[in-house]
Amino acid sequence: MTTLPKFDQFSRVVVKVGSSLLVDAAKGSVKQDWLEALVDDLAVLHKRGADVLVVSSGAIALGRRVAGLKRGALKLEDSQAAAAIGQIALARAWSLSLQRHGIVAGQVLLTLQDTEERRRYLNARETLSRLSAMRAVPVINENDTVATSEIRYGDNDRLAARVAAMASADLLVLLSDVAGLYDAPPQETPTARLIPVVERLTPGVEAMAGGAASETSRGGMRTKIEAARIASAGGAHMVIADGRVAHPIARIGAGGPCTWFLTPSNPVTARKAWIGGTLELKGSVTIDAGAAKALKSGKSLLPAGVKRVEGGFARGDCVAIRDESGAEIGRGLIAYDAKRAVRICGRNSRDIAKILGAPGRAEMIHRDDMTLAER
Ligand code: GLU
C-alpha cells in the first residue's frame, strides 16, 4: 500500500477555495462562519512555519447579486463588472479573518499572461516570494475584471495549480463540493467508490473524471485532473477534499476522506530538471574561479563573479554558465537582459541601481533558478 504524505511535512501550501463553499449565492454574502473555521486551520499551518497561499474564487458569485444580475450564464461585461464589485468584498473578508490571527493578507490578481509569459511569470513569482518572506498570506484570484474569454483561465483549479508550481509549493489543496475522485459518477452511481490515492495520471484516471461543472463552480473534475497534471509537473502533491465541512484542512490532516494525487518529484528538482532540459540556450555567462566555487557550494551567481556575457537574451531566458576554460558548468534563468547584464558584469551588487538607474536583483542567476552539471 502506498504511504500517504504526512500533512505536517509540507512547508508551502496553496489552498484553493471554490465559490460555492465561500459564498451564499442566495444572499450574495460570504459564509462567515465557514470562512473563519477554515482560517483557523490555515493559521495552524502558518503558525508552525509553513507558507500559506490562498487561491479564492467567489468574486463573481458575490458581486452578481449586489449588481442585481439574474441567475444563469452572464455576459462577459456583466461578469467583469460583477467581479469588480465582488472582489473587493472577497478581499476584505479574507483580510479581516486572517487578521483575527494576526496574519496579514495581500491581494494578488493574476491574468493568464502573468503565469504564461516568462518575464511576467518571474515578476509574479518574485511578488509571491516576497509576501511569503514577510509571512503574509497572498489571497489570489484571476483578474476577472480585465480577463476576456479568449485569454482567461476561467477556472481557479488550473490557476491554483500554476500558482503552486510558480511558488514552488509542495502541496496544493483543492477544496470543493465533492470529496474527491470517484471511480464512477457519484450522483448517478450509489456504489461509486472514492479513490484515496492516484499515483499516476493514466487515461483510466482521466476517464473517471468526466466533465460536469455546476453553475457556481466552473471547474468540474476535469479541470481538477488538469490541475493535478500541472501541480505534479511542478513538483507539488495535490489533494482534493470536500470543503463543505467546518475545518476541512484539519480533516485532511486527520486522514479524512479525500483523493491524493502524488508527484514523483519535489518543487526544486522539478524546476531544475526543467531548466536542465532547456533546449534553447539564449546566451552564456563566463564566470571566475571564485564564483564557480561559490556556485558549487550552493550559492547564487552574483554579477561580481561574471567576467563575460554573450548572446542576445531577455530577462528570464535560459543561459549557459561557463568556467574560465569555456566549459559549461551549469545553466540558469538569468535575471537581467543581455544589455543590462553586460553593464553590471564584474560589478558589486550594491552598485546595480547606480549603474542601471533602477534597482534590480542582487543575483545575476538565483540558485533556485540554476542547475549545475554533475562532475
Ligand atoms: N475567478 C472566479 C471568481 O472569483 C472563479 C473561477 C472559478 O470558479 O473557478 O468568481
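Everything that follows concerns the structure shown earlier in this document.
**Brief notes about the sheet that holds strand S13 (residues 318-322)**
In space, the five strands of this open sheet follow the order S12-S11-S13-S14-S15, with mixed pairing throughout. Of all strands in the sheet, those bounded by a partner on one side alone are strand S12 (306-311) and strand S15 (370-372). Going across the sheet, the axis of each strand differs from the next one's by a mean of 20 degrees, ignoring polarity. Taken together, the three bridges between strand S11 (residues 283-287) and S13 define a ladder with parallel strand orientation. Residue pairing for S13: Thr-286 is matched across the bridge by Arg-322. Across the face of the sheet, helix H11 (residues 267-276) comes into contact with S13, strand S14 (328-333) and S15 while running at roughly 110 degrees to S14.

**A few points about the side chain of Asp-144**
Its location among the elements puts Asp-144 in the loop between strand S6 (137-142) and helix H7 (156-166). Separated by 2.7 Å, the side chains of Asp-144 and Arg-152 make a polar contact. Not counting the four nearest positions on each side in its chain, Asp-144 is found in contact with Ile-60, Gln-80, Ala-83 and Arg-152.

**Focus on the packing of aromatic side chains**
This structure, assessed with the given rule, holds two aromatic pairs. Taking 6.1 Å as the distance between ring centres and 75 degrees as the angle between the ring planes, the aromatic pair formed by Phe-7 and Phe-10 counts as edge-to-face. Between the aromatic rings of Phe-10 and Trp-260, the centroid separation amounts to 6.1 Å while the plane-to-plane angle is 20 degrees, which identifies the pairing as stacked. In this pair, Phe-10 sits in the segment before strand S1 (12-17) while Trp-260 sits in strand S10 (residues 259-261), placing the two residues 250 residues apart along the sequence. The buried category is assigned to Phe-10, whose relative accessible area is 2%. A residue is classified by how much of its surface remains accessible, and Trp-260, at 4% relative accessible area, is buried. Among the aromatic residues, those joined into a ring-pair cluster are Phe-7, Phe-10 and Trp-260.

**Description of helix H6 (residues 118-133)**
Taking 1.5 Å per residue as the helical rise, H6 with its 16 residues ought to reach 22 Å, and the 22 Å between its terminal C-alpha atoms agrees with that figure. Restricting attention to buried positions, one finds in H6 the residues Tyr-121, Leu-122, Ala-124, Arg-125, Leu-128, Leu-131 and Ser-132. Arg-135 lies just past H6 and shows a positive phi near 65 degrees.

**Comments concerning the sheet that holds strand S8 (residues 197-198)**
The mixed open sheet is built from eight strands, whose spatial order is S5-S6-S4-S1-S7-S9-S10-S8. Looking at the sheet topology across the chains shown, the edges are occupied by strand S5 (105-110) and S8. Relative to strand S7 (residues 171-176), S1 runs parallel, the two sharing five bridges. Looking at S7, one finds that Val-17 is bridged to Leu-175.

**A few points about the nonpolar core**
In terms of nonpolar packing, the biggest core is built from 43 residues, with Leu-22, Trp-94, Val-173, Leu-175, Ile-249, Ile-252 and Trp-260 touching the most fellow members. Of all the elements, helix H2 (residues 32-47) adds the most residues to this core, at seven residues. Dropping the residues within four chain positions of it, Leu-175 is found in contact with Val-15, Lys-16, Val-17, Gly-18, Leu-21, Leu-38, Ala-241, Gly-243, Pro-248, Ile-249 and Ile-252. Counting residues in each nonpolar core, the second largest holds 37 residues, with Val-55, Val-163, Ala-209 and Met-221 among its members.

**Digging into the site of the ligand**
Taken together, twelve residues surround the ligand, and among them Ala-59, Ile-60, Asn-141, Asp-144 and Asn-156 come closest. Here Ala-59 contributes a backbone N or O atom positioned 3.0 Å from an oxygen atom of the ligand. Measuring from a nitrogen atom of the ligand, one finds a side-chain N or O atom of Asp-144 at 2.8 Å. Taken by itself the ligand offers 300 Å² of open surface, and the protein chains cover 97% of this. For the shell around the ligand, a count of residues per class yields two nonpolar, seven polar and three charged.

**Quick look at the pairing of strand S4 (residues 51-56)**
In terms of burial, S4 is a largely internal element, six of the six residues being buried. Of the two faces of S4, the one holding Asp-51, Leu-53 and Val-55 and the one holding Val-52, Val-54 and Ser-56 are both buried throughout. Judged from the six bridges that link them, S1 and S4 form a sheet pairing that is parallel. Its bridge partner lying in S4, Val-14 is registered against Leu-53. In this sheet, S6 lies alongside S4 in parallel orientation, the contact comprising two bridges. Looking across to S6, one finds that Val-54 is bridged to Val-139.

**Description of the pattern of salt bridges**
Evaluation of the coordinates by the stated rule reveals 22 salt bridges. Measuring nitrogen to oxygen at the nearest pair gives 3.8 Å for the salt bridge that ties Asp-351 to Lys-354. With relative accessibility at 23%, the residue Asp-351 sits in the partly exposed group. Judged by its relative accessible area of 68%, Lys-354 falls in the exposed class.

Cut-offs used in this document
Residues numbered from 1 in each chain as written. Predicted model: local features only at pLDDT ≥ 70, side-chain atom pairs only at ≥ 80, totals over all residues. Heavy atoms only, no water. Pairing = 2+ DSSP bridges. Helix = DSSP H or I, 4+ residues; strand = E, 2+ residues; numbered from the N terminus. Axes fitted to C-alpha atoms, helices over the stretch in contact; angles between N-to-C directions. Contact = heavy atoms within 4.5 Å. Polar contact = N/O pair within 3.5 Å; in protein donor to acceptor, adjacent residues only side chain to side chain. Phe/Tyr/Trp six-rings, centres within 6.5 Å; stacked < 30°, edge-to-face > 60°. Buried < 20%, exposed > 50% of the residue type's maximum accessible area, 1.4 Å probe, protein only. Expected span 1.5 Å × (residues − 1). Core = buried A, V, L, I, M, F, W, Y, C linked by side-chain atoms within 4.5 Å. Near = heavy atom within 4 Å. Areas by Shrake-Rupley, 256 points an atom, 1.4 Å probe, with all protein chains shown as cover. Nonpolar A, V, L, I, M, F, W, Y, C, P; charged D, E, K, R; others polar. Salt bridge = Lys/Arg side-chain N within 4 Å of Asp/Glu carboxyl O.

As far as function goes, none of this settles anything; it's purely spatial.
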